[in-house]
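Understanding the architecture of this molecule
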Amino acid sequence: MGNEGTIDESNRYTGEVVKYEYRRGFGLIKGEGNDGKLVYVHWKQIESSDDWPALTKGMKVEYYVGERVRGGKGKRAGETQKFAAKVTGEGGTPVSVSQEDLSKTYPDRATRFTGTVKWFHTRKGYGFIKPNEDIEFAEKKFPAANANIYIAREDVKTNAETAPVLKDGQEIEFTLYKRAKASNWGAGDVTKAGGVPFEAEDFGELGPRINFKRKQGGFGPNRKGKKGGQKMMMIPMMGGGGGKNMMKQMQQMMQMQMMQQMMMGGMGGMMGGGMPMMMVQGGGKKKGRKKGGKW
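Residues numbered from 1 in each chain as written. Predicted model: local features only at pLDDT ≥ 70, side-chain atom pairs only at ≥ 80, totals over all residues. Heavy atoms only, no water.

For the rest of this paragraph, the subject is the overall build of the protein. Summing up its helical and strand segments, the protein has one helix and 16 strands in all. In the protein, 63% of the contacts between residues at least 6 apart in sequence involve partners at least 24 apart. If you sum the accessible surface of the protein, you get close to 17700 Å²; carbon and sulfur atoms cover 51% of it. (Helix = DSSP H or I, 4+ residues; strand = E, 2+ residues; numbered from the N terminus. Contact = heavy atoms within 4.5 Å. Areas by Shrake-Rupley, 256 points an atom, 1.4 Å probe, with all protein chains shown as cover.)

Before going further, it helps to examine the packing of aromatic side chains. Tallied over the full model, the rule gives 13 aromatic pairs. Considering the side-chain rings of Trp119 and Tyr126, the 5.9 Å spacing of their centres and the 70° angle between planes classify their relative orientation as edge-to-face. Relative accessible area serves as the criterion here: at 34%, Trp119 is assigned to the partly exposed category. Clustering of aromatic rings is evident, with ring pairs tying together Phe113, Phe137, Phe142, Phe174 and Trp185. Over the ring of Tyr64 we find Arg12, and its NZ or CZ is 4.5 Å from the ring centre. Positioned over the ring face of Phe142 is Lys140, at 5.7 Å from the centre of the ring. (Phe/Tyr/Trp six-rings, centres within 6.5 Å; stacked < 30°, edge-to-face > 60°. Buried < 20%, exposed > 50% of the residue type's maximum accessible area, 1.4 Å probe, protein only. Lys NZ or Arg CZ within 6 Å of the ring centre and 35° of its normal.)

This brings us to unusual backbone geometry. The phi torsion at Lys86 lies on the positive side, around 50°, for a residue other than glycine. A relative accessible area of 31% means that Lys86 is categorised as partly exposed. The phi dihedral of Asn148 is positive, around 60°, even though this residue is not glycine. Mapped onto the secondary structure, Asn148 falls in the loop between strand 10 (140–142) and strand 11 (149–152).

Let's shift gears to the confidence of the model for the protein. Of all residues in the protein, 68% attain a pLDDT of 70 or more, and the chain-wide mean is 77. Under a pLDDT of 50 for its full length, residues 237–241 has, in the predicted model, 12 contacts with residues more than four places off or in other chains. Note that pLDDT drops below 50 for residues 280–295; the model gives that stretch 52 contacts with residues more than four away or on any other chain. (pLDDT = per-residue confidence, 0-100.)

On to the side chain of Asp189, then. Residue position: Asp189 is located in strand 13 (residues 185–192). At 2.8 Å, the side chain of Asp189 forms a polar contact with the side chain of Arg109. (Polar contact = N/O pair within 3.5 Å; in protein donor to acceptor, adjacent residues only side chain to side chain.)

With that settled, consider the nonpolar core. In summary, soluble globular proteins display a tendency toward joint burial of nonpolar side chains. The biggest cluster of nonpolar side chains holds 22 residues, and the ones touching the most others in it are Phe174 and Leu176. Within the residue set of this core, elements represented by two or more residues are strand 7 (113–121), strand 9 (135–137), strand 11, strand 12 (171–179) and strand 13. Once you skip the residues sitting within four places of it in the chain, Leu176 turns out to touch Tyr106, Pro107, Phe113, Ile135, Phe137, Phe142, Ile149, Trp185 and Gly186. Of all hydrophobic cores here, the second largest spans 21 residues; its members include Val17, Val61, Tyr63 and Leu102. (Core = buried A, V, L, I, M, F, W, Y, C linked by side-chain atoms within 4.5 Å.)

A word on the side chain of Arg70. Residue position: Arg70 is located in the loop between strand 4 (60–69) and strand 5 (80–89). Once you skip the residues sitting within four places of it in the chain, Arg70 turns out to touch Arg76, Ala77, Gly78, Glu79 and Gln81.

Any two side chains of opposite charge can pair, on the condition that their charged atoms come close. Summed over all chains, the structure comprises 11 salt bridges. A salt bridge links Lys19 to Glu21; the shortest N-O distance between them is 4.0 Å. The shortest N-O distance in the salt bridge between Asp189 and Lys157 comes to 3.9 Å. Taken together, the residues Asp189 in strand 13 and Lys157 in the loop between strand 11 and strand 12 connect sequence positions 32 residues apart. (Salt bridge = Lys/Arg side-chain N within 4 Å of Asp/Glu carboxyl O.)

Following this line, the structure appears as structure tokens:
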């Protein structure tokens, strides 16, 4: 969990889970005895015997409050963060989320199959698998070439204290389940071949965070924040007026656009306030930044 922080056990708080990202393993609790403030909760602080400790929205919980210094290289690195610690259900009972809570149905949990990981998104914690042979199960066919079987990290059996991160091409063994309102079938009780739980050394790297920014200047490879990215600015073309003079300027602008497409890739022309305008490169290189830090 990186920086474990310190936990104040002098006060025990109660609260309600208002949000929880099940697969990513974190969420928010609204405290009833903590001035109603939202407090961050991480799956490693949940007292549970479940393979993948988790909370659900609306769940009533009890917890201590801890503090830690954010790590990583993001803009909030070095800040002090409060978090919910040693989280339990009401009355101190261990937290448990059932398969019914997750809307999962296992037609025959004892029937198992073998296959390989087709691909797995290390950050988001899901992917797809390829069975070693065609499967016919629960009146449905799963061809090996296009089985479309979903896999999620919470279904991976492991003894590790880290979030499961499967590797592409990894051999696995699994059963099948159907989830309500989902078109894909899922791989459940996923283990290594032979039914052996995964160990920490079997997993890949979690991978870097990716910051998808929406409002960035420029376009394509010249987007602001990218290496070598450029801002775009508009300048009026000289002369103004109309008639032949305007037509001549427009023809010149089009010729310049054609030249820049071949040579520079960073100019364009348009109209602005009744005056022909030209877009030119401005600004310099600016490195993008990664969002936040690791827990």
